[in-house]
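If you want the building blocks of each chain, they are given just below.
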Amino acid sequence: MGQHRGTRRKRTKAPITSPAPTFEAFDHRQLTLFPAFRDLANGAIHGFPAPAEPKMAAFLDQILIEHAREHGWSLTTTKRTRRGLAIALGLQDTPGAPMLATDILNLQSIGITTLRLLEVCAASGLLEDNREPAVDRWFETTVAELPEQLRTELERWYTIMLQGSTTPPRSKPRSEITTRLYLRWSLPALRSWAAAGRTSLREITPEDVREVLPEAGNARARMGQGLRCLFRVLKSHRLIFLNPIDPIRTGTHATRIPLPLASAPLRDAINSADPARAAVTSIVAFHGLRSGQLRKLQLTDLHDGRLRLGQRTIPLAQPVRDRISLWLAYREQRWPSTRNPHVFISRRTALDSAPVGVQWITTSIGMTAQQAREDRILHELHASGGDLRRICDMFGLSIAGASRYSTVLAHPDLLGEG
């Protein structure tokens with residue numbers, strides 16, 4: 001019997017790949033005798049020291065390359081960020097420790113893309129964000145002229161508002177916007193009491209509150225709402241003994257009456273040569289989307305001329321479809337490598353996955369999205385003869401929200417609309 005010979009298979013060697021670098025940051029920092037000024041402009045001319053911790057540099061460089069590939073950075077952006085990373089590493093007081101955000105931000109003076117560098121360091125887990133929050137700076141500046149004891153009480157209220165309380169009485173953190181508003185509404189009263197010689201909120205009586213409250217209207221309601229929050233929080237935590245505003249009625253905010261816009265600004269925005277402005281404005285003008293909905297709108301929400309918005313599916317008007325198509329073509333040409341999933345992106349957000357800001361929406365339209373949305377709802381309400389159910393279905397309003405528009409059906413500005 002002859003020996004059977006099988007077909008010999010050619011073996012291919014697996015490509016040899018070097019293992020991805022790893023790095024564990026130091027848990028200490030070198031203390032400095034005195035703060036030193038770094039002449040970054042001079043360093044840009046004569047050069048900066050090389051990174052003193054090669055393992056950390058290799059680790060961060062690998063993270064940067066992967067981050068750049070994932071977010072579709074251009075070669076120029078990647079190159080500039082790598083240069084900034086090398087400079088930041090060479091200037092570390094404690095090589096091997098996490099990068100300080102303030103040290104990175106100082107590189108802005110020599111043209112380094114610090115925003116992208118912060119992203120990379122955060123993605124690697126090697127960023128220590130030692131920046132003072134803007135709201136903290138605002139608070140300190142706002143209460144700086146008040147008496148010391150009054151400032152101490154306000155600081156306690158401010159901390160409870162932003163961080164909440166895990167001990168009785170427990171409370172959830174409030175937003176920065178809410179905290180700012182309440183303090184801003186309370187400030188005229190606080191300054192008036194300080195000028196009158198009051199050094200603590202414990203000294204405030206109901207008569208003192210009545211003296212500073214406006215007579216009526218939204219001004220009285222706003223100040224009352226701010227003071228009510230302030231005294232309620234402090235009393236619940238036993239920092240004051242009496243809530244002086246408790247027996248006083250301050251009213252509620254008057255509802256603003258929505259009114260139609262002049263047609264010329266909307267028409268100009270819809271027919272703008274700027275594809276972003278035309279697309280954003282047309283969606284609001286035809287379908288009444290809110291600014292938050294516009295910002296979060298993703299490419300997967302658009303399909304076959306329809307827009308998926310939560311549980312609603314909106315057939316897009318032809319003018320809107322045309323303008324969105326022009327915008328998407330421009331978007332593809334302007335940022336071909338972007339990985340941002342949102343429909344609307346800007347020069348800044350094209351390099352990451354964040355949505356555009358509210359200000360970008362407002363600037364693009366030339367007015368707030370809410371103004372254009374209200375104009376569209378009023379037009380539909382007028383055309384349907386006051387059919388609240390119809391505008392609820394079309395614009396995602398509640399019956400209570402729709403009722404605010406029904407009060408203006410007989411307004412003179414609406415009677416002239418065709």
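Quick look at the structure, then. (Residues numbered from 1 in each chain as written. Predicted model: local features only at pLDDT ≥ 70, side-chain atom pairs only at ≥ 80, totals over all residues. Heavy atoms only, no water.)

### Things to note about the overall build of the chain
Across its full length, the chain holds 19 helices and 5 strands. Taken over C-alpha atoms, the radius of gyration comes to 30 Å for the chain, far larger than the 22 Å a tight globule of 418 residues would show. Considering only C-alpha atoms, the chain reaches an extent of 105 × 65 × 60 Å along its principal axes. Here the chain holds 418 residues, and 40% of them are scored as buried. Summarising the internal contacts of the chain: among those between residues at least 6 apart in sequence, 63% fall at separations of at least 24. When the accessible surface of the chain is totalled, it reaches about 25,000 Å², and 52% of it is carbon and sulfur. Placing the 56 positive and 40 negative side-chain charges of the chain at their respective mean positions leaves the two points 8 Å apart. (Helix = DSSP H or I, 4+ residues; strand = E, 2+ residues; numbered from the N terminus. Rg over C-alpha atoms; globule rule 2.2 N^0.38 Å. Buried < 20%, exposed > 50% of the residue type's maximum accessible area, 1.4 Å probe, protein only. Contact = heavy atoms within 4.5 Å. Areas by Shrake-Rupley, 256 points an atom, 1.4 Å probe, with all protein chains shown as cover. Lys, Arg positive; Asp, Glu negative; His and termini not counted. Charge placed at Lys NZ, Arg CZ, Asp CG, Glu CD.)

### Thoughts on the side chain of His71
Locating His71 in the fold gives a position in the loop between α2 (54-70) and α3 (75-90). Excluding anything up to four places from it in sequence, His71 contacts Ser337, Thr338, Arg339, Ala350, Leu351, Asp352 and Ser353.

### A closer look at the sheet that holds strand β5 (residues 312-315)
Spatially, the 3 strands line up as an open sheet ordered β3-β4-β5, and their pairing is antiparallel. Each edge of the open sheet is held by one strand with a lone partner, namely β3 (302-303) and β5. By the bridge criterion, 4 bridges tie strand β4 (residues 306-309) to β5 in an arrangement that is antiparallel. By the bridge assignment, Leu309 is partnered in β5 with Arg312. (Pairing = 2+ DSSP bridges.)

### Overview of the packing of helix α6 (residues 134-142) against helix α7 (residues 148-163)
Packing of α6 against α7 leaves a shortest axis separation of 11 Å and a crossing angle of 160°. With respect to each other, α6 and α7 are oriented roughly antiparallel. α7 is crossed by α6, and the crossing has right-handed handedness. Packed against α6, whose contacting residues are Val135, Asp136 and Phe139, the element α7 presents Leu154, Glu155, Tyr158 and Leu162 at the interface. (Axes fitted to C-alpha atoms, helices over the stretch in contact; angles between N-to-C directions. Parallel < 35°, antiparallel > 145°, perpendicular 65-115°, else oblique. Left-handed = near helix turned anticlockwise from the far one by under 90°.)

### A look at the nonpolar core
If you look at soluble globular proteins, the nonpolar side chains tend to sit buried side by side. Judged by nonpolar contacts, the single largest core of 33 residues is most densely connected at Leu154, Trp157, Leu190, Trp193 and Leu201. Contributing elements (two or more residues each) for this core: α6, α7, α8 (176-195), α9 (206-212) and α10 (217-236). When near neighbours in sequence (up to four residues on either side) are disregarded, Leu190 contacts Leu146, Leu150, Leu154, Leu183, Leu201 and Leu230. Counting residues in each nonpolar core, the second largest holds 28 residues, with Ala279, Leu289, Ile314 and Trp335 among its members. (Core = buried A, V, L, I, M, F, W, Y, C linked by side-chain atoms within 4.5 Å.)

### Focus: α3
Relative to the 22 Å expected for 16 residues at 1.5 Å per residue, α3 spans 23 Å between its end C-alpha atoms, a close match to the ideal helical length. Listing the buried residues of α3 in full gives Thr77, Thr78, Thr81, Gly84, Leu85, Ile87, Ala88, Leu89 and Gly90. Tucked inside the fold, the buried residues of α3 contact α2, β1 (99-100) and α5 (114-124). (Expected span 1.5 Å × (residues − 1).)

### Remarks on the pairing of β4
What you see with β4 is a clean split: Leu307 and Leu309 sit on the buried side and Arg306 and Arg308 on the side with no burial. Pairing geometry for β3 and β4, over 2 bridges, is antiparallel. Across the sheet, His303 pairs through a bridge with Arg306, a residue of β4. Where β3 hands over to β4, the hairpin turn is made up of 2 residues, of which Asp304 adopts a positive phi near 50°. Between β4 and β5, which follow one another and run antiparallel, lie 2 residues, and Gly310 among them has a positive phi close to 65°.

### Quick look at the pattern of salt bridges
Here the idea is simple: oppositely charged side chains can pair when their charged atoms come close. Under the definition given, this model contains 12 salt bridges. A salt bridge links Glu207 to Arg210; its shortest N-O distance comes to 4.0 Å. Placement of both Glu207 and Arg210 in helix α9 is noted, with a separation of 3 residues, approximately one turn of the helix. Owing to a relative accessible area of 48%, Glu207 belongs among the partly exposed residues under this scheme. Linking Arg308 and Asp301 is a salt bridge whose minimum nitrogen-to-oxygen distance equals 3.4 Å. (Salt bridge = Lys/Arg side-chain N within 4 Å of Asp/Glu carboxyl O.)

### Re the side chain of Gln92
With respect to the helices and strands, the residue Gln92 is situated in the loop between α3 and β1. A polar atom in the side chain of Gln92 sits 2.7 Å from the backbone oxygen of Ala97. Leaving out residues up to four positions away in the same chain, Gln92 has contacts with Met56, Ala97, Pro98 and Met99. (Polar contact = N/O pair within 3.5 Å; in protein donor to acceptor, adjacent residues only side chain to side chain.)

### Structural notes on the packing of aromatic side chains
For the structure on display, the rule yields 8 aromatic pairs. With a centroid separation of 6.2 Å and 50° between ring planes, the pair formed by Trp193 and Phe231 is classed as tilted. In this pair, Trp193 sits in helix α8 while Phe231 sits in helix α10, placing the two residues 38 residues apart along the sequence. Pair check on accessibility: Trp193 and Phe231 agree, each one buried. Ring-pair connections join several aromatic residues into one group, and the members of that group are Trp327, Tyr330, Trp335, Phe344 and Trp360. (Phe/Tyr/Trp six-rings, centres within 6.5 Å; stacked < 30°, edge-to-face > 60°.)

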